[in-house]
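Breakdown of the fold
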Amino acid sequence: MGLGGAPKCNACGKSVYPMEKFAVDGLVFHKGKCFKCDFCKGNLRPGNYAGLSGKYYCKPHFKKLFQVKGNYSEGFGEDDPKKKWAPSGIGAATPEKKDEKEKPKPERRVSLKGLNMADIEHAQGLFEEYDTNFDKKIDKDEFTQLWKDLMSIKGEKFGAYALKRNAQKEFEKYAMDDKIDDAGFLQVYSDLSLKVHMESQGKEKKEEKKEEKK
């Protein structure tokens, strides 16, 4: 907090007063000044940005960054772990083999093929809905609840044990360090066709409300 209890801007570090305040994901920025696209540095406004892994982008560049490289790590400026282990310079020696514990983590690849911005925003809404402990990660229990809801919508019935086992098996496909972050959740959304099933559930609820009003 700044002088007089004013919070500090996450970008410039200066105090932010009520008339100039813009808050997102628990962070505070100067409205129209400090909340900028991480790629083009253009000002962001409510409704014209998308956030991922603590960074914010204008919608055109958010989509473009995936399309350019085709994967999350390179498209969003993260180092490709493989490059850290590549020899450099003429006659560079091949790096010594490291223990299993010291090997770099596998590169996360997230495809947005077939998804538009509306899909991405819908996916991010679901991510927030199932992130019940508000740590910006989906853990095994949260994913299991998502899986239960999805199977219910699809009309597939399993015993409690089989359902939990299948959910955990699917969870392991997407989890990194036993969690699924918002980038990984986009892949979950795409692979499991959550858009279709969740929208189907929404239509059913609307129909139920119409029936109740009659």
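Remember, it's a predicted structure, so these values are computed and weren't measured experimentally. (Residues numbered from 1 in each chain as written. Predicted model: local features only at pLDDT ≥ 70, side-chain atom pairs only at ≥ 80, totals over all residues. Heavy atoms only, no water.)

**Digging into the overall build of the chain**
Basically, it comes down to this: Only DSSP runs of H or I reaching four residues or more are called helices, and only runs of E reaching two or more are called strands; each is numbered from the N terminus. Here, two residues are considered to be in contact whenever any of their heavy atoms come within 4.5 Å of each other. Computed with a 1.4 Å probe, the accessible areas rest on the Shrake-Rupley method; for each residue, only the protein chains presented here act as cover.
Along the chain, the regular secondary structure elements total seven helices and four strands. Reading the secondary structure of the chain in the N-to-C direction produces β-β-β-β-α-α-α-α-α-α-α. Long-range contacts, defined as pairs at least 24 residues apart, comprise 46% of the intrachain contacts of the chain with a sequence gap of at least 6. Split by element, the accessible area of the chain, about 14000 Å² in all, is 51% carbon and sulfur.

**Overview of the pattern of salt bridges**
What counts is decided by this rule: A carboxyl oxygen of Asp or Glu within 4 Å of a side-chain nitrogen of Lys or Arg is what we treat as a salt bridge.
Under the defined criterion, the tally for this structure stands at three salt bridges. The salt bridge partner of Asp135 is Lys179, with a shortest N-O separation of 3.3 Å. In this pair, Asp135 sits in the loop between α3 (117–130) and α4 (140–154) while Lys179 sits in the loop between α5 (160–174) and α6 (182–191), placing the two residues 44 residues apart along the sequence. A salt bridge links Lys173 to Glu170; its shortest N-O distance comes to 3.0 Å. In this pair, Lys173 and Glu170 both sit in helix α5, three residues apart, roughly one turn of the helix.

**Thoughts on α5**
Structural remark: α-helix, 3.6 residues per turn; residues separated by three or four positions point the same way. Rules: One less than the residue count of a helix, multiplied by 1.5 Å, gives the span that helix is expected to have. Three labels apply to residues, based on accessible area from a 1.4 Å probe with only protein chains included: buried if under 20% of the type maximum, exposed if over 50%, partly exposed otherwise in between.
Over its 15 residues, α5 runs 22 Å from end to end, which matches the ideal 21 Å to within 8%, given 1.5 Å per residue. Residues of α5 that are buried include every one of Ala162, Leu163, Ala167, Glu170, Phe171 and Tyr174, and no others.

**Notes on the nonpolar core**
Basically, it comes down to this: Working definition of a nonpolar core: buried Ala, Val, Leu, Ile, Met, Phe, Trp, Tyr and Cys residues. They are joined through side-chain atoms within 4.5 Å.
By size, the foremost hydrophobic cluster in this structure holds 41 residues, and its most contacted members are Phe143, Ile180, Phe185 and Val188. Considering each element in turn, this core owes the most residues, six residues, to α3. Phe143 has contacts with Ile138, Ala167, Glu170, Phe171, Ile180, Val188 and Leu192, leaving out every residue within four places of it along the chain.

**Focus on α4**
Rules: By the criterion applied in these results, polar contacts are pairs of N or O atoms within 3.5 Å in which, for protein atoms, one can donate a hydrogen and the other can accept it, and in which residues neighboring in sequence qualify only through two side-chain atoms.
Here α4 spans 21 Å end to end across 15 residues, near enough to the 21 Å set by a 1.5 Å rise per residue. Two or three places before Asp141, at the opening of α4, Asp139 has a side-chain oxygen 3.2 Å from that residue's backbone nitrogen. Two residues or fewer after α4 comes Gly155, characterised by a positive phi angle close to 80°.

**Quick word on the side chain of His30**
Inspection of the secondary structure assignment puts His30 in strand β2 (residues 27–30). On the basis of relative accessibility, which here comes to 6%, the residue His30 falls in the buried class. Beyond its immediate sequence surroundings of up to four residues, His30 is in contact with Cys9, Cys12, Lys14, Ser15, Val16, Glu20 and Phe35.

**Things to note about the packing of α4 against α5**
This is how it is decided: To get an axis, a line is fitted to the C-alpha atoms, and for a helix only the part in contact is used. The angle between two axes follows their N-to-C directions and goes from 0 to 180 degrees. In this scheme, a crossing is called left-handed if the near helix is turned counterclockwise away from the far one by less than a right angle; it is called right-handed if the turn is clockwise. For this classification, Asp, Glu, Lys and Arg are treated as charged, while Ala, Val, Leu, Ile, Met, Phe, Trp, Tyr, Cys and Pro are nonpolar and the rest, including Gly, are polar.
Interaxial distance between α4 and α5 falls to 9 Å at its minimum, and their mutual angle equals 115°. Regarding α4 and α5, the two cross each other, and that crossing is right-handed. Here α4 contributes Lys140, Phe143, Thr144, Trp147 and Lys148 to the contact with α5, which in turn contributes Leu163, Asn166, Ala167, Gln168, Glu170 and Phe171. Of the residues belonging to the contact of α4 with α5, the class tally is five nonpolar, three polar and three charged.

**Describing the pairing of β2**
Let me state the cut-off plainly: Whether two strands pair depends on DSSP finding at least two bridges between them.
Two strands pair when backbone bridges link them, and strand β1 (residues 21–24) and β2 are joined in this way by four bridges, in the antiparallel orientation. Bridge assignment links Ala23 to a residue of β2, and that residue is Val28. Following β1, the chain reverses through two residues before pairing antiparallel with β2; Asp25 in that reversal takes a positive phi of roughly 50°.

**Some points on the packing of α3 against α6**
Put simply, the rule reads: The scheme is simple: roughly parallel for angles under 35 degrees, roughly antiparallel for over 145, roughly perpendicular for 65 to 115, oblique for anything else.
Interaxial distance between α3 and α6 falls to 10 Å at its minimum, and their mutual angle equals 110°. Classed by the angle they form, the pair α3 and α6 counts as roughly perpendicular. Between α3 and α6 lies a crossing whose hand is right-handed. For the pair formed by α3 and α6, the contact residues are Asp119, Ile120, His122, Ala123, Leu126 and Phe127 on the first element and Asp182, Phe185, Leu186 and Tyr189 on the second. Taken together, the residues of the contact of α3 with α6 sort by class into seven nonpolar, one polar and two charged.

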